[in-house]
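# Observations on the model geometry
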Amino acid sequence: MAKKIKRRLTAPVAAGPAPATSGRRPWLRVAGLMIVLVALGFGATRAWQWYRLPERVQNALPTPPNFTGKPAILSELVAKATTLCHTRGHALEGVEELGKLYHANGYREGAEACWRLLHREQPREARWIYFLADLRRAASDYDSVASLLAETVKLAPDYSPAWLWRANLELKTGQLATAEHDFKQRLALVPKDSHAILGLARVAQQRGQNDAARKLVEQLVQDAPQLSTGHNLYAEILSAAGDTEGARKQRWLGRETERFREADDPWLDGLNAWCYDFTRLCVLAVIEGQTERGDKGKSFIERAVQLEPGNPIGYELLGKFYRKAGEMEKERDTFEKGLRVAKDHKPSPMYYVNLSEVYRQLKEPGGALQIAQRGLAENKDQLELYDAVGVALADLNRQEEAVAAFREALAHSPNDTNSNYNLGMSLLVLGRQDEAHDAFKRSLVLQPTFMKALSLLGRWEMEAGRLDTAGEYLKPLYESHPDLPEARQMLARWNLLSGQVAEKKNDLNAVEEYYRAAAALDPGRAELQVTLGVFYLVHGRVNDALAPLEAFHKLQPNDPQSSLFLGQVYAQLGRADEARRVLTEGERLATRAGQTTTTAHFREMLQGL
């Protein structure tokens with residue numbers, strides 16, 4: 001047998017063509033085999049990692065917190081997400097849900113453990129890093145925040161909120177060059193973004209580049225007039241440049257426009273959908289309501305009401321959303337429901353005050369009085385409730401009782417703004433003017449810029465001819481509310497009357513100052529323009545008379561007097577063609593109106609041309 005095998009091994013190979021593979025080098029066959037083995041090994045490793053994933057997740061999961069006193073739905077959702085964490089094929093999905101629940105409900109340690117676990121398993125996913133940055137911000141660990149944001153923008157360079165957050169952080173720490181770069185990155189992703197423009201303006205301001213800062217902020221208030229922070233920064237820049245009036249106007253606009261809100265951040269904002277904390281939902285609702293995103297805030301407070309249906313705070317906030325939407329009946333019904341279902345939570349005094357005001361707005365003073373009295377019975381000696389009772393009684397024209405209620409309120413706070421003002425109004429109805437005047441003055445002690453009292457007292461003193469005293473009210477009224485038409489018009493009239501008094505005293509410098517101020521405050525009022533123009537014309541200041549008399553003619557084109565004055569100015573300035581045109585039109589108007597004397601003046605002036 002051995003001989004046969006040996007003969008086979010030594011037998012000559014038959015002649016013929018060589019096999020196709022006979023020319024390959026042996027090392028190529030080995031390399032190919034190695035590649036296959038590596039691929040199989042890598043696949044096996046990945047498969048083994050996938051198989052072991054639930055076990056790794058289980059070992060890294062945080063210990064569930066104590067949910068005593070929390071809504072049952074929160075512990076149920078955490079349990080459900082935890083079960084998912086142990087399910088092969090869905091483990092990371094469960095960790096994400098768990099992280100969102102912990103993060104949105106204030107369990108920062110648990111949330112951080114989840115995001116670190118996910119970052120280890122999915123290192124290319126930027127959201128986990130970003131969520132960690134938010135948790136580090138809550139812990140005031142800004143060095144870690146900066147590092148995490150740097151990693152975020154590397155992983156997700158197209159996520160603009162990360163660039164904005166990073167830029168603002170750099171601005172606060174004085175890193176102006178990198179802040180400028182990152183604000184520009186934000187602008188490249190979100191053109192004309194008001195938050196980025198605001199940041200660049202602040203960078204320029206801190207560098208002392210005042211012209212650049214002003215140019216940027218002027219663009220900002222034009223493109224985003226609703227952004228209060230833009231107006232406030234503009235006020236700073238104008239004040240530094242010596243423009244006191246412009247700065248005052250911008251500060252007022254900053255107060256009157258909507259509150260500053262952070263830029264939209266879909267990743268962080270999305271966490272709010274996982275919030276089941278009553279207090280946090282109420283805070284979120286208030287923030288959204290203050291920044292003109294009521295629909296979003298309304299959804300938060302509706303969820304809060306579902307979580308604690310016996311807590312009147314939720315109904316109070318929900319009612320305010322209906323008020324802002326002009327749905328007063330829904331607001332009333334919501335407040336009333338809150339009173340009915342309140343169990344372990346006593347409604348606040350302001351709950352009754354607000355509900356009483358709703359009834360007043362609905363022209364139901366009887367209901368307003370009943371609610372205010374009920375609130376007062378449950379909350380003894382509350383100033384606001386005495387005031388609410390007094391206002392309701394005044395609406396019912398029970399003025400003496402209203403006065404008594406207001407005096408009860410003032411016994412607790414003698415200088416309270418609203419109670420003094422309301423007392424003054426009832427005293428006026430009763431004809432007790434001196435007492436009313438004193439009450440209105442007291443309403444300004446705690447709030448010197450209280451608009452209603454300043455306006456009323458300013459008008460009162462002006463009509464009484466006490467111009468000096470009137471100015472003490474009308475000037476602060478305008479300074480605190482420069483864009484309020486009533487404030488501008490009243491101060492303009494005060495300047496007109498003051499100028500007339502100065503004119504009788506022949507104090508020409510004061511006359512000019514008063515008349516110019518009046519025309520500037522209310523440029524659309526023809527009386528003020530012609531008064532200033534005629535003053536200049538009478539005193540031979542024809543060049544100065546031109547602008548106000550042109551304005552007067554534009555405001556009153558069909559008044560022959562406007563043509564007469566303007567034609568006279570053109571004639572004295574040597575502008576004969578314009579004078580002839582205006583005077584000819586004025587003659588026609590005067591003739592049509594039957595003003596024979598004025599018509600004769602026009603003809604005389606035309607002949608002189």
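Everything that follows concerns the structure shown earlier in this document.
Summary of the structure given here. As the structure is a prediction and not an experimental result, all values here were calculated from the model. (Residues numbered from 1 in each chain as written. Predicted model: local features only at pLDDT ≥ 70, side-chain atom pairs only at ≥ 80, totals over all residues. Heavy atoms only, no water.)

### Remarks on the overall build of the protein chain
Scanning the protein chain from terminus to terminus reveals 33 helices and zero strands. Of all 609 residues assigned to the protein chain, the portion counted as buried reaches 44%. Restricting the contact set of the protein chain to residue pairs at least 6 apart, pairs at least 24 apart contribute 51%. Within the structure as shown, the protein chain displays about 32,800 Å² of accessible surface, and the carbon and sulfur contribution to it stands at 51%. (Helix = DSSP H or I, 4+ residues; strand = E, 2+ residues; numbered from the N terminus. Buried < 20%, exposed > 50% of the residue type's maximum accessible area, 1.4 Å probe, protein only. Contact = heavy atoms within 4.5 Å. Areas by Shrake-Rupley, 256 points an atom, 1.4 Å probe, with all protein chains shown as cover.)

### Notes on the nonpolar core
Across soluble globular proteins, you tend to see nonpolar side chains buried next to one another. Membership of the largest hydrophobic core comes to 84 residues, with the highest contact counts inside it found for L474 and L549. Not counting residues within four places of it along the chain, the set of residues in contact with L474 comprises L454, G458, M462, M490, L491 and W494. The next biggest cluster of nonpolar side chains, apart from the first, holds 42 residues, and it includes L61, F67, C85 and L117. (Core = buried A, V, L, I, M, F, W, Y, C linked by side-chain atoms within 4.5 Å.)

### Regarding the state of the cysteines
Counted under the stated rule, the structure contains zero disulfides. Counting only cysteine sulfurs, C85 is the nearest neighbor of C114, a cysteine outside any disulfide, at a range of 6.7 Å. Accessibility expressed as a relative area gives 0% for C114, which makes it buried. Cysteine C282 is unpaired, with the sulfur of C275 as its nearest cysteine sulfur at 9.7 Å. On the basis of relative accessibility, which here comes to 9%, the residue C282 falls in the buried class. (Disulfide = S-S within 2.5 Å.)

### Considerations on the pattern of salt bridges
A full pass over the atoms with the stated rule returns 37 salt bridges. Where R120 meets E121, a salt bridge forms, and the shortest distance between an N and an O atom there is 4.0 Å. With a closest N to O distance of 2.7 Å, E302 and K298 form a salt bridge. Linking E302 with K298, this pair stays in helix 16 (residues 294–307), spanning four residues, or about one helical turn. Several salt bridges converge on common partners, so that one network encompasses E96, K100, E125 and R127. (Salt bridge = Lys/Arg side-chain N within 4 Å of Asp/Glu carboxyl O.)

### Let's talk about helix 19 (residues 349–361)
Across its 13 residues, helix 19 extends 19 Å between first and last C-alpha, which sits within 8% of the 18 Å expected from 1.5 Å per residue. Residues P349, Y351, Y352, V353, N354, L355, S356, V358 and Y359 constitute the buried set of helix 19. As for helix 19, its buried residues are in contact with helix 17 (312–324), helix 18 (328–341), helix 20 (365–378) and helix 21 (383–395). Remark: K363 follows helix 19 within two positions and exhibits a positive phi of approximately 60 degrees. (Expected span 1.5 Å × (residues − 1).)

### Some details on helix 3 (residues 72–85)
End to end, helix 3 covers 20 Å across 14 residues, agreeing with the expected 20 Å (1.5 Å per residue, within 8%). Looking at helix 3, one finds that the buried residues are L74, V78, A81, T82 and C85. For helix 3, the buried positions fall inside an angular range of 105 degrees around the axis, keeping them on one side. Turned more than 90 degrees away from the buried face of helix 3 sit E76, K80 and T83, all of them exposed. (Arc of directions from axis to C-beta.)

### Examining the packing of aromatic side chains
A full pass over the atoms with the stated rule returns 17 aromatic pairs. Seen from their ring centres, W128 and F131 are 6.3 Å apart, and the 50 degrees between their planes marks the pair as tilted. Taken together, the positions of W128 and F131, both in helix 6 (residues 126–138) and three residues apart, correspond to about one turn of that helix. Comparing W128 with F131 shows no difference in burial state: the two are buried. Ring centres of Y421 and F450 lie 5.5 Å apart, and the angle between their planes is 85 degrees; on these two criteria the pair is classed as edge-to-face. Taken together, the residues Y421 in helix 23 (residues 417–429) and F450 in the loop between helix 24 (433–442) and helix 25 (451–463) connect sequence positions 29 residues apart. (Phe/Tyr/Trp six-rings, centres within 6.5 Å; stacked < 30°, edge-to-face > 60°.)

### Observations concerning the packing of helix 30 (residues 542–555) against helix 31 (residues 560–572)
Put simply, helix 30 and helix 31 touch, their axes get as near as 9 Å, and they point 150 degrees apart. Put simply, helix 30 runs roughly antiparallel to helix 31. For the pair helix 30 and helix 31, the crossing hand works out as left-handed. On helix 31, the residues that touch V542, A545, L546, L549, E550, F552 and H553 of helix 30 are Q561, S562, S563, F565, L566, V569, Y570 and Q572. Among the residues forming the contact of helix 30 with helix 31, the class breakdown is nine nonpolar, five polar and one charged. (Axes fitted to C-alpha atoms, helices over the stretch in contact; angles between N-to-C directions. Parallel < 35°, antiparallel > 145°, perpendicular 65-115°, else oblique. Left-handed = near helix turned anticlockwise from the far one by under 90°. Nonpolar A, V, L, I, M, F, W, Y, C, P; charged D, E, K, R; others polar.)

### Observations concerning the packing of helix 29 (residues 526–538) against helix 30
Close contact between helix 29 and helix 30 brings their axes to 8 Å; oriented N to C, the two are set at 150 degrees. Considering how the two elements wind past one another, helix 29 and helix 30 form a crossing that is left-handed. Contacts between helix 29 and helix 30 involve A526, Q529, V530, L532, G533, V534, Y536 and L537 from the former and D544, A545, P548, L549, A551, F552 and L555 from the latter. Residue composition of the contact of helix 29 with helix 30, by class: 12 nonpolar, two polar and one charged.

### Description of the environment of A492
Position of A492 among the secondary structure elements: in helix 27 (residues 485–504). Accessibility expressed as a relative area gives 0% for A492, which makes it buried. Once the C-alpha coordinates of A492 and A519 are considered, the two residues, 27 residues apart in sequence, prove to be 7.1 Å apart.

### A look at the side chain of S563
Turning to its location among the elements, S563 is positioned in helix 31. For S563, a relative accessible area of 0% corresponds to the buried category. At 3.4 Å, the side chain of S563 forms a polar contact with the side chain of H553. Leave out the neighbours within four places in its chain, and S563 touches H553, V582, L583, G586, L589 and F602. (Polar contact = N/O pair within 3.5 Å; in protein donor to acceptor, adjacent residues only side chain to side chain.)

### A short note on the environment of I73
Topologically, I73 is positioned in helix 3. Owing to a relative accessible area of 33%, I73 belongs among the partly exposed residues under this scheme. Along the backbone, I73 and Y276 are 203 residues apart, and their C-alpha atoms lie at a distance of 7.9 Å. Setting aside anything within four residues of it in sequence, one finds I73 in contact with Y276 and L307.

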